[in-house]
Amino acid sequence: MKQNETSWNTLQSKVVQNGMEVYRDTDIDEIGDNHIGTSYDTPMKEDAFELSDEEKIKKISSHFREIMDTLGLDLKDDSLRGTPDRVAKMYVKEIFSGLNPENRPDIKLFDNKYKYDEMLIEKNIHFFSNCEHHFVPIIGFAHVAYISNGKVIGLSKINRIVQHYAKRPQVQERLTVQIAEDLKKTLGTEDVAVLIDAKHLCVSMRGIEDTYSATVTSHFSGKFKDEATRREFLSLVPKPTE
């Protein structure tokens, strides 16, 4: 096989061996099942926002129509006729709307006039995301805390930040860090904690088909790296999979 040729279920990745860059074939299923993430930034093309939402919907609808046709579905059927358009609108306007930075919620901060200097926790934030390896749902809860550095944020805005980053193709580790980093930047403090407990349908619906397991990820920074502070936070949020 030539260097630039791969079979339908492989891709080529560049690795360094003995100081030299070489290419090796990587099985696509292996990548998905090993839950690989490449960075804490969502991988995006440089021209990701050159098309308008309407242009993206039209293009996705056409491609999804082709997928359905390839699967052998009758697109003349009344129940299926509008599915390509519905899926395209759902992708762009709803479940992947977090890809567009313009959709990030507008956050207004307030002075901490009460001088409240303990942790504030917003727990049980229910979210739906999608696994970037198989494009099936991730369903879970986020528990978020911060200690004010002079400013406070409206409680609903914490939920909105979680939902914004959840509405992307994701891996859970990245989602956890993106929420934490946004809050740290917004609030001007390192004292932030994020815990996510979620079920991945790519594990439940396919592959191992385990319907009971869940994945837990966390990010602790600033004062939450202190064992006592972290233990207090963990004692006040539901235990994983509880």
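Just so it is clear, the model here is predicted, and its values are computed rather than measured.

Undergrad: Mind laying out the nonpolar core, listing which residues take part and the relevant values?
TA: In this structure, Phe127, Val144, Ile153, Ile179, Leu183 and Ile196 are the most contacted members of the largest nonpolar core, which totals 26 residues. Beyond its immediate stretch of four places on either side in the chain, Ile196 contacts Phe127, Phe141, Ala142, Gln172, Leu175, Thr176, Ile179, Thr215, Val216 and Thr217. Residues Met119, Ala145, Ala193 and Phe233 belong to the second largest nonpolar core, which totals 9 residues.

Undergrad: Summarise the pattern of salt bridges; cite the residues concerned and give the values.
TA: As enumerated under the stated definition, the model contains 11 salt bridges in all. Asp78 is paired through a salt bridge with Arg81; the nearest N and O atoms lie 2.9 Å apart. Here Asp182 and Arg104 are joined by a salt bridge, their closest N and O atoms 2.8 Å apart. One end of the pair, Asp182, is in helix H5 (residues 172-187); the other, Arg104, is in the loop between helix H3 (83-95) and strand E3 (109-111), and 78 residues separate them in sequence. The class of Arg104 is partly exposed, set by a relative accessible area of 30%. Each of Asp53, Glu54 and Lys93 takes part in a single network of salt bridges with overlapping partners.

Undergrad: Requested: an account of the sheet that holds strand E9 (residues 215-220), with residues and values cited.
TA: If you trace the 5 strands from one edge of the open sheet to the other, you get E7-E4-E5-E8-E9, paired in mixed fashion. This sheet does not close on itself; its edge strands, each paired only once, are strand E7 (169-170) and E9. As paired elements, strand E8 (residues 192-200) and E9 share 6 bridges and run antiparallel to each other. Following the sheet pairing, Ala193 is matched in E9 by Phe220. Contacts from helix H4 (residues 155-166) reach strand E4 (119-131), strand E5 (137-147) and E7 within the one sheet, and its direction differs from that of E4 by about 25°. Running at roughly 65° to E4, helix H7 (residues 227-236) makes contact with E4, E5, E8 and E9 of the sheet.

Undergrad: So what's going on with the packing of helix H2 (residues 53-70) against H3? Which residues, and what values?
TA: Two measures define how a pair of helices packs: the angle their axes make with one another and the distance between the axes. Two elements in contact, H2 and H3, have axes separated by 8 Å at closest approach and are oriented at 135°. Our classification of the angle between H2 and H3 gives oblique. Both H2 and H3 take part in a crossing whose hand is right-handed. Where H2 approaches H3, its residues Asp53, Glu54, Lys56, Ile57, Ile60, Ser61, Phe64, Arg65 and Met68 are matched on the opposing element by Thr83, Pro84, Asp85, Val87, Ala88, Lys89, Tyr91, Val92 and Lys93. When grouped by side-chain class, the residues that make up the contact of H2 with H3 number 9 nonpolar, 2 polar and 7 charged.

Undergrad: Outline the layout of surface pockets, listing residues and values.
TA: Its volume calculated, the largest pocket comes out at about 700 Å³. Around the largest pocket, the lining comprises 23 residues; the ones closest to its centre are Met44, Ala48, Lys56, Ile60 and Leu99. Among the elements that line the lining of the largest pocket, the one with the most residues is H2, at 4 residues. Across the lining of the largest pocket, the residue classes break down as 12 nonpolar, 4 polar and 7 charged.

Cut-offs used in this document
Residues numbered from 1 in each chain as written. Predicted model: local features only at pLDDT ≥ 70, side-chain atom pairs only at ≥ 80, totals over all residues. Heavy atoms only, no water. Core = buried A, V, L, I, M, F, W, Y, C linked by side-chain atoms within 4.5 Å. Buried < 20%, exposed > 50% of the residue type's maximum accessible area, 1.4 Å probe, protein only. Contact = heavy atoms within 4.5 Å. Salt bridge = Lys/Arg side-chain N within 4 Å of Asp/Glu carboxyl O. Helix = DSSP H or I, 4+ residues; strand = E, 2+ residues; numbered from the N terminus. Pairing = 2+ DSSP bridges. Axes fitted to C-alpha atoms, helices over the stretch in contact; angles between N-to-C directions. Parallel < 35°, antiparallel > 145°, perpendicular 65-115°, else oblique. Left-handed = near helix turned anticlockwise from the far one by under 90°. Nonpolar A, V, L, I, M, F, W, Y, C, P; charged D, E, K, R; others polar. 1 Å grid on protein atoms, 1.4 Å probe; cavity = no way out; pocket = protein on both sides within 12 Å on 5 of 7 lines; lining within 4 Å. Points joined across faces, edges and corners; volume = space filled by probe spheres on them.

The values reported here are purely geometric and, on their own, carry no functional implication.
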